[in-house]
Every structure is written in C-alpha cells, then in structure tokens.
Amino acid sequence: MGEFVQRRKDLWQRVRAQNVDAFLLVNVEGSDQPNLRYLTGFTGTFGVLILTAQEAVFLTDPRYTEQARAQTDLAVEEVRGRWIPQVMERLRLLGAKRVGIGNTRVTLHLFEELKKAGEGLEFVPLTAPVEELRRIKSAQEIQKIREALELTEAGLQWVLKNVRPGQTEREVALDLEFWYRKEGADDVAFDLIVAGGPRTSRPHHRAGPEKLRAGDLVLFDIGVRLDGYCADLTRVVALGRPSAKALETYKVVREANRAGIEAVRAGASGKEVDAAARRVIEEAGLGELFGHGLGHGVGLEVHEGPRLSPASEDTLLPGMVVTVEPGVYFPGELGVRIEDVVVVEENGARVLSSFPKDELLLLPRR
Ligand code: ZN
Ligand code: ZN
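Predicted, not measured: the structure shown is a model, and the values here were computed from it.

What counts, and where the lines are drawn
- Residues take numbers from 1 onward in each chain, read along the sequence in its written order.
- Chain labels run from A onward and ligand labels from 1 onward, assigned in the order the entries are written.
- In keeping with the model being predicted, local features are shown solely for residues with a pLDDT of at least 70 and side-chain atom pairs are shown and tallied solely at 80 or more, while totals for entire chains, interfaces and linings include all residues.
- Side-chain calculation: all heavy atoms of the structure are included, whereas hydrogens and water are not.
- Only protein chains enter the accessibility calculation, which uses a 1.4 Å probe. A residue is then buried if its area is under 20% of the maximum for its type, exposed if over 50%, and partly exposed in between.
- Labels follow the DSSP assignment, with helices taken as runs of H or I lasting at least four residues and strands as runs of E lasting at least two, numbered in each case from the N terminus.
- Strands are labelled as partners when DSSP assigns at least two bridges between them.
- A crossover counts as right-handed when, viewed with the strands pointing away from the observer, the path leading from the first strand over the helix to the second turns clockwise.
- Only one rule defines a salt bridge in this text: a Lys or Arg side-chain nitrogen within 4 Å of an Asp or Glu carboxyl oxygen.
- In this entry, domain limits derive from an automatic or database-based domain assignment.
- We call two residues in contact when some of their heavy atoms are within 4.5 Å.
- Buried area, as used here, totals the accessible surface that two parts lose on assembly, with accessibility defined by a 1.4 Å probe and the loss added over both.
- Distances up to 2.8 Å from the metal define which N, O and S atoms are donors, and 3.2 Å serves for Na, K and Ca; water is absent from the atom set, so sites may look incomplete.
- The rule is simple: four donors are tetrahedral if all their angles sit between 85 and 135 degrees, four are square planar and six octahedral if opposite donors span more than 155 degrees and the others lie between 65 and 115, and anything that fits none of that is irregular.
- Here is the rule: rings of Phe, Tyr and Trp (six-membered ring for Trp) pair when centre to centre is within 6.5 Å. Planes less than 30 degrees apart are stacked, more than 60 are edge-to-face, and the remainder are tilted.
- Throughout, an axis means a line fitted to C-alpha atoms (over the contacting stretch in the case of helices), and angles, computed between N-to-C directions, take values from 0 to 180 degrees.
- An expected span of 1.5 Å times one less than the residue number is assigned to each helix.

> Kindly report on the pairing of strand 5 (residues 98-102), identifying the contributing residues and their values.
Within a regular strand, side chains alternate between the sheet's two faces. Across the five residues that make up strand 5, a large majority, four, are buried. Relative to strand 5, strand 1 (residues 22-28) runs parallel, the two being bridged by three bridges. Residue pairing for strand 5: Phe-23 is matched across the bridge by Gly-100. The β-α-β motif built from strand 5, the intervening helix 5 (residues 108-117) and the parallel element strand 6 (residues 122-126) has right-handed crossover chirality.

Printed below as a string of structure tokens:
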C-alpha cells in the first residue's frame, strides 16, 4: 500500500506547482482506469479520487464499494444517484477553489458538466500529470512487466509447436489468446497480431480468415496483461523455406534492432535512439519502407510515453521501459519487425524480453 501513498505524494508535488488546491481524477466507465489504478490500486470502472495537501478522498458507487475497500488504502465514500453534484459538494467541503484535472482523459462534455455543476470552483486543465509520473517504473513494476513478457514468450513457444499451413490467422491468434487466459493472464494487452505471407507488410494487421501457407513468413505481435502490466513482443518466423529476400530483410531488421537497443541509455533522446536503428535500414536502401517510429513506453498501458521516433521530444531516464521495434515492409509482399522491451539504465539498456531472434526461425523445427 505504501507505494500508492508515495505516488499520490509525488503527484501532489507535481500539481501543486500549478497553484491548485485540489486535484480531481474521474474514472467513469473506464475512462481513466490506468491512472486511477496507478494512484490507488482500484481496478473497477467507476471511481473518483480527490487529492488536497492534507487529504485523499475516494468515491465510488455501490457496484464497487466492497471492491474498493479491499483494493485501496483509502477511506471509501459511496455515491448514490448522480455523482457529479456529490463530487462537487465534496470538493467544496474540502475547501477547494482551484481544482486541477488531467487533460488527457476528460472529454469536453464531462469538462462542461463539471463546470456547470461546480459553482464556486475553477477547473484547471493540467497536461498529463499522472502519465508523466508513470513513465518511470519502480523495480516492482519492472518485475511485473518482465513476468508479463515471460508469459507472452511461453505462449509463443507453445503456439510455434502447433502452428501449421492451412490454419487461419484468426485460429492461431485465438488459440494463443485462450492459452494465455488459461495460464492466468488478466487479458491480452491488445488484439494479438498474427499475419501470414503478404499480410506481414501491414504493421497493424488484424488476424483474419486468411490461411497460412507453406513458405509464408508469419509475424506475431503479441502481449498479455498480467497483474495490470502489459507485454509487447514481435517475432517473425518462416513456415517452411523462406525466400532470399525474406532472409535478407530479416538480417537488416535484426541489425537495426541491435543498433536501437545499443543506443538506449539514460540521457539519450527518443530521436537519437530512433535514428540509430533507422540508419541501419537506410544504409540498406530500405529507409522508405520503415514508416513508423522505433518504439514506445510500456506499462499499465501498452502504448505510453516516452516515444522513440523522429518526432519525439522525449529524453530517456533511468527506469523508463520502452520497446525497440524496427520494421521493413514491402507492400503486399512481406514485412519483418522485431520488437523487444528494454529498461533504460544509466549506461545502457537491460533487455527484458528473451525470445531468440538471431536467426529467422524455420518451422516446423526438426
Ligand atoms: Zn507490438
Ligand atoms: Zn509495440
């Protein structure tokens, strides 16, 4: 529980600098689940957190009262009926005047509703204060991400023993998802990507009714959510003999992945790390075929800050956890991406994923 107290303290330090006397976080129908979970441990879809210099107040409705009491270290107050007037009343009772509110998860509609009901209160939009805190992971969070990756990799090992030509992408993806759920995953962290043959050239292909064929490359971009934390891993395998072009492309991407990981260290910019990997692909004459950024933060959400990309303005700090995922995509023909998850350390990267990648894996294994 101590970690939640500390996080709320850190958040308060951050927001009080904006001259507010309260901070309001609203999670309605799951609208701000990751941030509320980060600050309280609560996993339900409706909860409101109010922070002031002295107090932390948690409100939920009767669907979640019992759960909230079990999950959080806070005194839980129950709202019945319309919650907005009750939350406004609570803010006034706390003596709040200027109320900070994160600007990433509140819809314009909700913001207008709060203003309408919040007579005497001024709402001050703040830029992603909780997300900023979440960028730097504790040792415990890093361990959770590692465990999510371990389960993700075990599933990939399992599915690669069974995958064969004639199966559809959807079958393979669902088999894998079922396996993950059975093995204890909360959920998959995103719709698992299983792409065969020419569909590997679509970076975010959705597993569909198409059949895998002998000679296809098969791209797996997969990850579970385990105890709230996400994994994100991409590997490409060959179902039978791959083409020379596939082997050549694999080598370039593997080299780019290596160069990207090598460039990760505290103090490096998201732009520099992206450039280190991109250079390898450009030097192979394939720069035009790498259309996305190199990587992103991973944590309670599968995509969070910081970003590694040509447009990134982020600087890496120790404890950040990011993906390194260069790719090369020949439209309608073939694509290769290799994605790992690494922790930023003072002098380099510690790689959390461990699934083999040095050679293009040929299936079935003999
Ligand atoms: Zn991925
Ligand atoms: Zn990713």
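> Outline the pattern of salt bridges, supporting the account with residue identities and numerical values.
Counted under the stated rule, the structure contains 32 salt bridges. Between Arg-135 and Asp-314 there is a salt bridge; the shortest N-O distance is 3.1 Å. Residue Arg-135 is located in the loop between helix 6 (129-134) and helix 7 (139-162), and its partner Asp-314 is located in the loop between strand 14 (304-308) and strand 15 (321-324); the two are separated by 179 residues in the primary sequence. For Asp-314, a relative accessible area of 15% translates into the label buried. Through salt bridges with shared partners, one network takes in Asp-32, Arg-105, Glu-131, Arg-134, Lys-137, Glu-301 and Glu-304.

> So what's going on with the domain arrangement of the protein? Residues and values would help.
When its domains are assigned, the protein resolves into domain 1 (3-134) and domain 2 (139-363). The straight-line distance from the C-alpha centre of domain 1 to that of domain 2 is 35 Å. Every contact between the two is made by seven residues of domain 1 and, on the other side, eight residues of domain 2. Around 640 Å² of area is buried between domain 1 and domain 2 when both sides are counted, 36% of it from carbon and sulfur atoms. Summed over the shared surface of domain 1 and domain 2, the result is five salt bridges.

> Just give me the short version of the coordination of the zinc ion (ligand 1), but keep the residues and values in it.
Note on the zinc ion (ligand 1): its protein donors are Asp-221 (OD), Asp-221 (OD), Asp-232 (OD) and Glu-339 (OE). The metal-donor distances range over 2.0 to 2.6 Å. Around the zinc ion (ligand 1) sit four donor atoms; with metal-centred angles ranging over 55 to 146°, the donor geometry is irregular. A separation of 3.1 Å is found between the zinc ion (ligand 1) and the zinc ion (ligand 2), both of which receive a donor from Asp-232. Linking Asp-221 in strand 9 (residues 217-222) with Glu-339 in the loop between strand 17 (334-337) and strand 18 (340-345), this pair joins segments that are 118 residues apart in sequence. Accessibility expressed as a relative area gives 0% for Glu-339, which makes it buried.

> Before we move on, can you summarise the packing of aromatic side chains with the specific residues and values?
What the rule picks out here adds up to five aromatic pairs. Between Phe-42 and Tyr-64, the ring centres sit 5.6 Å apart and the planes meet at 90°, which makes this aromatic pair edge-to-face. A residue pair is termed long-range when its members are at least 10 positions apart, and Phe-42 in the loop between helix 2 (33-40) and strand 2 (46-51) and Tyr-64 in the loop between strand 3 (56-60) and helix 3 (65-71) qualify at 22 residues. When its relative accessible area of 14% is taken as the criterion, Tyr-64 is described as buried. On the numbers, 5.7 Å between centres and 65° between planes, the contact of Phe-46 with Trp-83 is edge-to-face.

> So, the coordination of the zinc ion (ligand 2): which residues are in play, and what are the values?
Every protein donor of the zinc ion (ligand 2) is listed here as Asp-232 (OD), His-296 (NE2), Glu-325 (OE) and Glu-339 (OE), and their distances to the metal cover 2.0 to 2.2 Å. Classification of the site at the zinc ion (ligand 2) rests on its four donor atoms, whose angles at the metal span 78 to 154°, yielding the label irregular. Linear spacing of the donor residues for the zinc ion (ligand 2) on their chain is D-x63-H-x28-E-x13-E.

> Got a sec to walk through the sheet that holds strand 2? Specific residues and values, please.
With mixed pairing, six strands are arranged side by side in an open sheet as 4-3-2-1-5-6. Each edge of the sheet is formed by a strand with only one pairing partner; in this case those strands are strand 4 (76-78) and strand 6. Between one strand and the next, the sheet's axes are offset by a mean angle of 30°, whatever the strand orientation. Against the sheet, helix 2 contacts strand 1, strand 2 and strand 3, and its axis sits at roughly 125° relative to strand 1.

> Would you mind going over helix 9 (residues 244-263) in detail, with residue names and values included?
Residues spaced three or four apart along an α-helix face the same direction, because each turn holds 3.6 residues. Compared with an ideal rise of 1.5 Å per residue, which puts 20 residues at 28 Å, helix 9 spans 29 Å between its outermost C-alpha atoms and is within 8% of the ideal. Looking only at helix 9, the buried set comprises Ala-246, Thr-249, Tyr-250, Val-252, Val-253, Ala-256, Asn-257, Ala-259, Gly-260, Ile-261 and Ala-263.

> With reference to specific residues and values, describe the pairing of strand 12 (residues 233-239).
Most of strand 12 sits out of view: seven of its seven residues are buried. The pairing of strand 9 with strand 12 spans six bridges and is classified as antiparallel. Paired with Val-218 across the two strands is Val-237, which belongs to strand 12. Summarising the sheet, strand 12 and strand 20 (residues 361-363) pair through three bridges and their orientation is parallel. Across the sheet, the residue bridging to Val-237 is Leu-361, located in strand 20.

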